[in-house]
Structures are given as C-alpha cells and as structure tokens.
2 protein chains.
Amino acid sequence: MKIAVDAMGGDNAPEEIVKGVSEARKALPDVEFILYGKKDEIAKYMDDFRNVKVVHTDEVITMEDEPVKAVRRKKNSSMILAAQAVKNGDADAIFSAGNTGALLAAGLFIIGRIKGLDRPGMTTTLPSLKGENDNFTMLDVGANAESKAKNLHDFAILGNFYGTNVMHVTNPRIALLNNGTEYDKGDKIHKEAYQLLKNDSSLNFVGNIESRELLNGTADVVVTDGFTGNAVLKNIEGTALSMLKLVKETIMNNGVKGKMGGLLLKSAFSQIKDQMDYSKQGGAVLLGVKAPVVKAHGSSNANQVKNALVQVHEIVDSKLVKNLADYFEMHLESIKQDDVDKENENN
Amino acid sequence: MKIAVDAMGGDNAPEEIVKGVSEARKALPDVEFILYGKKDEIAKYMDDFRNVKVVHTDEVITMEDEPVKAVRRKKNSSMILAAQAVKNGDADAIFSAGNTGALLAAGLFIIGRIKGLDRPGMTTTLPSLKGENDNFTMLDVGANAESKAKNLHDFAILGNFYGTNVMHVTNPRIALLNNGTEYDKGDKIHKEAYQLLKNDSSLNFVGNIESRELLNGTADVVVTDGFTGNAVLKNIEGTALSMLKLVKETIMNNGVKGKMGGLLLKSAFSQIKDQMDYSKQGGAVLLGVKAPVVKAHGSSNANQVKNALVQVHEIVDSKLVKNLADYFEMHLESIKQDDVDKENENN
C-alpha cells in the first residue's frame with residue numbers, strides 16, 4: 001500500500017508531519033509513504049528513510065491561499081503533486097493537514113468523483129458519551145455549502161458504508177440532523193430527505209436527531225447538509241473547549257479550597273481531554289471520490305498525524321472506495337431511469 | 001402595564017407559573033397580571049390576588065398538539081385567549097412556557113406582524129464567557145425553517161434594536177453566523193446577507209462569526225437563519241450539559257482522590273451552572289410582531305418564570321415594539337421603491 005503525504009501542509013509542517021510518518025511506519029509495516037515537500041526540511045526530522053520516499057518540491061499551498069485558485073495555479077505544490085500521484089495510480093490514498101478547501105478541491109477536481117454520485121461529503125468521527133458505541137460519524141461537515149435532498153440521501157449511503165466498512169458497526173443507525181424529531185420537521189430539503197431515507201430499505205434509518213442529542217450516542221451516522229454540519233461541528237468544538245476552560249478558571253478562582261480540588265482533579269481533566277479528543281479517530285474523510293482523501297486538523301501534532309495515517313490504512317484496507325463505486329455503478333441505471341421517469345412526468 | 005400570562009403552558013404549569021407570577025409581582029408593582037387558565041388550579045398556588053386577575057378557561061394547548069392546528073381549533077385555550085387579549089389591546093404583552101410552535105403561530109396569526117416586515121425572528125440571550133459584555137443575543141433560533149438574505153438583514157435590524165433598547169448595549173456589534181470568517185463564505189443566501197449587512201450603515205456589522213467563537217463574546221447580536229440557529233442553540237445546550245456531566249462522572253470515577261476533589265469543587269460547579277443558565281436572562285422573544293411575545297423553557301421553575309416576566313416588563317417599558325414599528329414604517333416606502341427599481345431593471 002502506498003500513501004501520498006503532503007509533508008508541507010499544516011501549522012506544524014513539516015516537523016510534526018514527518019515525525020507522525022515515522023511513528024505510523026512502526027504500526028504499518030506494509031505501507032510505503034511518499035512524502036511531497038522540501039527535501040532538506042523533511043530530512044531534518046527523519047534519519048532513516050525505510051519505507052519512505054521523498055518527492056521534492058518547493059511549492060506549498062498555504063492556509064491563506066484561496067482554495068480553487070491554489071489548486072489551479074500551484075500545480076507543483078506538495079498537496080497537488082500528492083493528489084496527482086493518487087490520480088495516476090502511484091499512490092492509494094492522500095493525507096494532508098493543510099488548507100481544507102484546497103484539499104477538497106484537489107479531491108474533487110484531480111482525484112475525481114465516483115461515477116453516479118453528484119456530491120461527495122466530508123465526514124468526521126466524534127465521541128459518543130453515552131450509548132452502545134464510543135463514536136459516531138457525521139457528514140457532510142462542510143464539503144458543500146448547499147445541498148439538495150438527494151445529496152443528503154447520498155451522504156447517508158456514504159456514511160452507511162463508512163460505518164460498516166471502516167468503523168465496523170453492523171447495520172449502523174442512521175439519523176438525519178433536523179430541528180425536531182417529528183417526520184415533518186425542518187425546511188423543504190430536510191422533509192424530502194427524511195422521506196428518501198425512510199424509503200431506502202438498505203438503510204437502518206432511525207429518524208431525525210436534534211443537535212442537543214448528538215453526543216448521546218443514539219446514532220452511528222448523522223446525516224446533515226454541509227452548512228449546518230459545519231456549524232454544529234465547530235460549535236461542539238467551541239462549546240466543549242469553553243466549558244472545560246470555564247470549569248478550570250472557576251476552580252482556580254475559588255481560592256485555596258478550589259486549588260486543592262483542582263490539583264486533585266488534574267487526572268480527571270486529562271481523562272476528559274482524552275475522551276473528547278476526536279483526532280484519536282483520525283482526520284476528516286472526503287467520501288465519494290475515487291480514493292481516500294484524509295484531512296487532519298491544521299494544528300495536528302505527530303501523534304495525531306500518526307492516528308490519521310492509521311485511519312488512511314484502515315480505509316484503503318477496507319476496500320471502502322471500491323464498495324462505494326460498485327454501489328453507485330449498480331444504481332446508476334436506476335438513477336438514470338428515475339430521471340427519465342421524471343422527465344416523462346414533466347412533459 | 002398589563003401582562004397576559006398563559007398559566008397552563010409548561011411542564012410544571014400551573015404551579016410554577018403561578019408561583020413565578022407571585023414572585024414577579026413583588027419586583028413589578030406597576031404590572032397587572034392577567035392569568036388565563038383553570039381558576040381552581042390557579043387558586044391552589046395563590047392566596048392573595050393583588051394585581052392579579054384570573055380569566056377562567058378549561059381548554060389547554062398541550063406540548064404534543066400540532067401548533068398551527070391547535071391555534072386554529074383551540075380558540076378557548078389559555079394561550080389563545082392570552083394572545084387575543086393582546087390583540088384586543090387588553091394586555092401589553094404575552095408570556096407562555098407552553099408549546100413553542102403554537103406560541104409562534106399565535107404571535108404571527110393573532111397578534112400579527114409589524115407592517116413592512118416579512119418574517120419575525122425568535123431571539124435568545126446566551127452567556128458570553130469572554131469579551132466586554134456578559135451576554136449576546138442570537139436570532140433567528142427557529143421561528144423560520146427557511147430564510148432569504150433579506151430576512152437575515154431584517155433579523156439584524158430586529159437584533160440591533162433589541163440590543164440597544166433592551167440589553168442596553170450602545171451600538172451593538174452585529175455578526176453573521178457563517179461557515180468561515182471571510183466575506184465570500186457560505187451558501188448564496190449568506191453571501192448575499194453579508195453584503196446587505198455590510199452596506200447598511202445603521203448597523204455596526206463586524207463580519208462573519210463561526211459557531212466555534214459564539215461563546216467568546218466577540219459579538220452582541222448574532223444573526224442566523226432559523227434552521228442553523230436552532231441547531232446551534234440546541235447544540236450549545238447539549239454540549240454544555242454533556243461536558244458538565246462528563247466532568248462530574250470522571251471526578252466520581254476517580255475514586256477517593258476524585259471524590260475529595262469533587263466535594264471541594266461543589267461550589268465551583270454551582271457557580272458554573274449559574275453562569276451558563278441563560279434563563280436568568282429570561283425567555284426567548286419573538287421579535288417583529290405587534291407586541292412582546294416571550295417564551296420561557298417548558299421546564300421553567302417559579303424563579304425562571306419570574307425572570308422572564310421581569311424581561312417582559314423591560315421590553316414593554318423600552319418601547320421596543322413601537323421603535324421597530326416606526327423603523328419599518330419609515331422604511332416601507334424605500335422598500336417599495338426598491339421593488340419598483342428591481343421591477344424596472346428586470347423589464
């Protein structure tokens with residue numbers, strides 16, 4: 001297996017990326033890592049190049065670059081060369097901690113969509129604090145600013161395969177993020193999506209879920225439009241961080257009494273941080289393109305990079321992309337037939 | 001001043017509602033409270049009817065009732081009679097802890113929209129954990145499932161008046177909830193809304209805000225479409241509660257060491273709950289109708305009911321509704337002129 005790594009993407013690149021690759025190498029002896037980036041800088045953080053190949057390039061897409069422009073113009077950047085390698089079959093998957101928008105654009109325009117699927121979706125795995133499983137996956141968390149009901153249905157299918165193949169959940173419980181649990185809640189798109197999900201017998205659809213319930217483990221796959229999904233994901237992050245900070249500050253401001261308690265609670269806090277740290281599950285995955293595209297947080301450290309690379313390995317190993325491609329290929333004819341039927345109805 | 005109170009709405013009605021009125025009465029000697037509901041049940045929780053009038057009715061809109069149907073059919077319910085009283089000028093404002101959808105429908109269809117405004121919006125005040133002010137207000141949090149850019153602009157105007165008149169913030173900082181801070185982020189509606197807000201010189205527009213930043217006090221009024229706003233509001237609630245629960249459980253599971261710390265931290269936790277308790281700020285307010293419509297949480301206790309009634313008093317006192325009506329009346333001509341201009345452009 002070959003994984004193309006954008007060694008220059010991320011706030012702590014290339015140091016943490018290269019160190020993460022070194023760590024991942026121990027866990028994944030069957031992987032060859034192809035690192036794209038500045039050879040000299042990469043070499044600073046790696047002595048031994050066992051299972052590692054470096055492809056030198058000076059060009060880098062920065063966090064500030066406008067995504068689509070960057071993908072078009074910076075053809076020799078580390079990210080684009082890595083994506084090209086995947087497209088050309090020289091690598092099985094791409095990993096980056098760089099500019100999210102640019103990676104999305106590279107996934108869509110260079111690696112390309114699976115045939116029969118209109119809109120790929122970005123999925124992130126988050127912790128479930130209650131319920132039967134430790135995690136759930138949510139998509140789309142921002143690949144699309146606008147979605148139709150059909151796209152939401154496709155996200156459910158993508159998530160269903162991801163849940164089964166990669167998260168190893170049997171018959172994942174799929175819920176639609178909506179502003180109420182009743183079937184007729186939400187705007188037109190969500191009402192339509194509810195019906196599409198309900199009528200798809202291949203999905204274990206458990207109904208609408210409200211954002212209040214997300215962390216309570218009542219669903220394994222949460223389907224949402226990219227705008228709402230992005231807002232909710234960032235809000236979970238922000239609120240969780242704010243709450244932990246508030247608890248800490250309040251303890252410290254409670255004087256000696258508080259400080260004693262605070263000291264005693266140190267191990268409790270580190271446990272909580274660990275439980276909430278969803279980068280343990282790896283990065284965000286662009287589902288619906290012809291190869292795994294995995295994005296780690298820009299601020300990732302070596303360990304988080306390693307986790308994401310283990311996840312990339314798991315995805316490639318699971319044959320997820322082939323299963324998705326087969327599914328959409330198989331349903332291509334019925335989709336086309338639907339269009340013909342609709343066309344006839346309209347005439 | 002007269003406040004119409006739906007004495008039967010809410011999980012703990014009429015007991016907590018009636019007790020809340022008793023408490024509010026001490027703080028608001030200039031208010032006459034008109035309580036709508038079952039006379040005998042109300043009398044159980046109130047000995048002295050000073051400044052209180054009871055209008056008896058047996059009919060009640062339940063939490064399970066379908067909102068629009070309930071408003072149409074349960075014409076003698078406590079909520080609808082209270083709304084009718086406001087419409088007829090027998091009361092200045094309505095308060096309920098009952099069925100949110102029904103109260104919205106009663107506000108829109110019975111009390112009615114302000115002239116010149118297409119879509120009223122629901123606003124909620126939330127705590128700012130950092131920044132110069134202790135709170136911010138966010139709207140729309142769910143009055144509308146679908147919004148146009150123009151509606152978002154109107155929400156900003158409503159929020160601006162609310163911030164100035166009721167929250168007493170000078171020149172409130174207004175931000176648009178979006179999936180990135182750059183001006184060109186979001187779907188078509190949010191891009192358009194950004195331009196409308198930027199070009200309205202009457203607003204102190206500070207740009208886009210991401211949901212991650214909401215609690216950090218960088219804005220006084222956060223403008224959002226009702227679908228996203230509802231999702232984010234419920235998500236803040238859910239995540240904050242989950243985090244507090246997680247912290248507590250982790251402490252308890254840390255054995256004696258943890259338990260000691262937990263004991264010492266009890267006062268810290270009660271401080272945090274207090275800081276996060278946004279019902280201190282009162283209820284959610286439907287802005288853009290011809291009288292204040294205030295909704296407290298269904299689970300409100302007497303003290304929370306009292307807080308919401310103090311808020312109702314504040315809103316009536318502030319002449320907010322008159323100021324809004326004057327504004328939209330004044331801009332009615334320019335709105336019409338815009339339509340004419342657009343019409344001409346299209347021809």
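Residues numbered from 1 in each chain as written. Chains lettered and ligands numbered in written order. Predicted model: local features only at pLDDT ≥ 70, side-chain atom pairs only at ≥ 80, totals over all residues. Heavy atoms only, no water.

**Considerations on the sheet that holds strand β1 (residues 2–6) of chain A**
Residue and element names in this part refer to chain A. Judged by pairing direction, the sheet is mixed, and its 11 strands sit side by side in the order β3-β2-β1-β4-β11-β10-β5-β6-β9-β7-β8 without closing on themselves. Of all strands in the sheet, those with a lone pairing partner are β3 (52–56) and β8 (204–209), marking the two edges. If you compare each strand with its neighbour and ignore which way they point, the axes differ by 25° on average. Here 3 bridges tie strand β7 (residues 173–177) to strand β9 (residues 221–223), and the two strands are oriented parallel to one another. (Pairing = 2+ DSSP bridges. Helix = DSSP H or I, 4+ residues; strand = E, 2+ residues; numbered from the N terminus. Axes fitted to C-alpha atoms, helices over the stretch in contact; angles between N-to-C directions.)

**Some remarks on the packing of helix α6 (residues 149–165) of chain B against helix α7 (residues 188–198) of chain B**
Residues and elements named next belong to chain B. Packing of α6 against α7 brings their axes to within 8 Å, and their N-to-C directions diverge by 45°. The orientation of α6 with respect to α7, classified from their angle, is oblique. Handedness of the α6/α7 crossing: right-handed. Two secondary-structure elements touch here, α6 through Ala149, Lys150, Leu152, His153 and Ala156 and α7 through Ile189, His190, Glu192, Ala193, Leu196 and Leu197. When the residues that make up the contact of α6 with α7 are grouped by side-chain class, the tally is 7 nonpolar, 2 polar and 2 charged. (Parallel < 35°, antiparallel > 145°, perpendicular 65-115°, else oblique. Left-handed = near helix turned anticlockwise from the far one by under 90°. Contact = heavy atoms within 4.5 Å. Nonpolar A, V, L, I, M, F, W, Y, C, P; charged D, E, K, R; others polar.)

**Observations concerning the relation of the copies chain B and chain A**
With an axial shift of 0.0 Å and an RMSD of 0.0 Å, the rotation relating chain B to chain A amounts to 180°. The symmetry that links the two subunits is that of a two-fold axis. A shared binding surface is used by both copies, with 100% of the interface residues of chain B retained as interface residues in chain A. (Least-squares fit on C-alpha atoms with pLDDT ≥ 70 in both.)

**Brief notes about the sheet that holds strand β8 (residues 204–209) of chain B**
Residue and element names in this part refer to chain B. Ordered in space as β3-β2-β1-β4-β11-β10-β5-β6-β9-β7-β8, the 11 strands form an open sheet in which the pairing is mixed. Unpaired on one side and paired on the other, β3 (52–56) and β8 mark the two borders of the sheet. Here the average twist between neighbouring strands, direction ignored, is 25°. Relative to strand β11 (residues 293–295), strand β4 (residues 93–96) runs parallel, the two being bridged by 3 bridges. Across the sheet, residue phenylalanine 95 finds its bridge partner in β11, namely valine 294. Along the sheet, α6 contacts β5 (121–127), β6 (135–139), β7 (173–177), β9 (221–223) and β10 (284–287); its crossing angle with β9, the most-contacted strand, is approximately 165°.

**Notes on the domain arrangement of chain A**
Residues and elements named next belong to chain A. For chain A, the assigned domains are domain 1 (1–117 + 288–347) and domain 2 (118–280). Taken over C-alpha atoms, the centre of domain 1 sits 23 Å from the centre of domain 2. At the interface, 21 residues of domain 1 touch 20 residues of domain 2. Both faces combined, the contact of domain 1 with domain 2 buries some 1,700 Å², and carbon together with sulfur accounts for 67% of it. Counting the surface domain 1 buries against domain 2, the share from its top three residues, Leu104, Leu117 and Tyr327, is 27%. (Domains from an automatic or database assignment. Buried area = accessible area lost by both parts, 1.4 Å probe.)

**A few points about the side chain of asparagine 160 of chain A**
Inspection of the secondary structure puts asparagine 160 of chain A in helix α6 (residues 149–165). Those residues in contact with asparagine 160 of chain A that sit more than four places away from it in its chain are Pro172, Ile174, Ser202, Leu203 and Val221 of chain A.

**Points about the interface of chain B and chain A**
At the junction of the two partners, chain B supplies 52 residues and chain A supplies 52 residues. Both faces combined, the contact of chain B with chain A buries some 4,500 Å², and carbon together with sulfur accounts for 65% of it. Between lysine 234 of chain B and glutamate 210 of chain A there is a salt bridge, and its shortest N-O distance comes to 2.3 Å. If you tally residues by element for the side of chain B that touches chain A, the top one is helix α8 (residues 226–252) of chain B, at 20 residues. Among the residues making up the side of chain B that touches chain A, the classes are represented as 21 nonpolar, 20 polar and 11 charged. (Salt bridge = Lys/Arg side-chain N within 4 Å of Asp/Glu carboxyl O.)

**A short note on the environment of serine 211 of chain A**
Within the secondary structure, serine 211 of chain A sits in the loop between β8 and β9. C-alpha separation for the pair serine 211 of chain A and glycine 180 of chain A, spaced 31 residues apart in sequence, amounts to 9.1 Å. Discounting residues that sit within four places of it in the chain, serine 211 of chain A has contacts with Leu177 and Val232 of chain A together with Asn230, Ala231, Lys234 and Asn235 of chain B.

**Thoughts on the nonpolar core**
If you look at the biggest cluster of nonpolar residues, it comprises 108 residues, and the most contacted ones within it are Met138 and Leu214 of chain A together with Met138 and Leu214 of chain B. Among residues more than four places away in sequence, those in contact with leucine 214 of chain A are Phe136, Met138, Leu177, Ile209, Val222, Val232 and Ile236 of chain A together with Asn235 of chain B. (Core = buried A, V, L, I, M, F, W, Y, C linked by side-chain atoms within 4.5 Å. Buried < 20%, exposed > 50% of the residue type's maximum accessible area, 1.4 Å probe, protein only.)

**Focus on the environment of serine 279 of chain A**
Residues and elements named next belong to chain A. Take serine 279: it is sitting in the loop between α10 (266–276) and β10 (284–287). Take serine 279: its relative accessible area is 14%, and that puts it in the buried class. Spatially, the C-alpha atoms of serine 279 and leucine 126 are 8.6 Å apart, while their sequence positions differ by 153 residues.

**Looking at the pattern of salt bridges**
Applying the stated criterion to the full structure yields 26 salt bridges over all chains. Of the charged contacts, one joins glutamate 192 of chain B and lysine 188 of chain B as a salt bridge, the two residues approaching to 3.6 Å between their closest N and O atoms. Of this pair, glutamate 192 of chain B and lysine 188 of chain B both sit in helix α7, 4 residues apart, roughly one helical turn. What makes glutamate 192 of chain B partly exposed here is its relative accessible area of 40%. With a closest N to O distance of 3.2 Å, glutamate 249 of chain B and lysine 245 of chain B form a salt bridge. On the criterion of helical spacing, the pair formed by glutamate 249 of chain B and lysine 245 of chain B is a turn pair, its members being 4 residues apart in helix α8. For glutamate 249 of chain B, a relative accessible area of 38% gives the class partly exposed. On the basis of relative accessibility, which here comes to 43%, the residue lysine 245 of chain B falls in the partly exposed class. Among the charged side chains, a network of salt bridges with common partners joins Glu210 and Arg212 of chain A together with Lys234 and Glu237 of chain B.

**Section: unusual backbone geometry**
In the segment running from leucine 139 of chain A into aspartate 140 of chain A, the intervening peptide bond is cis, with an omega of 5°. When you line up the elements, aspartate 140 of chain A lands in the loop between β6 (135–139) and α6. Put simply, alanine 13 of chain B and proline 14 of chain B share a cis peptide bond, and its omega is 0°. In this fold, proline 14 of chain B is placed in the loop between β1 (2–6) and α1 (15–27). Even without glycine at this site, histidine 168 of chain B takes up a positive phi of about 60°. Following the sequence through the fold, histidine 168 of chain B ends up in the loop between α6 and β7. For histidine 168 of chain B, a relative accessible area of 56% puts it in the exposed group. The backbone of asparagine 171 of chain B shows a phi angle near 50°, a positive value even though the residue is not glycine. Structurally, asparagine 171 of chain B is set in the loop between α6 and β7.

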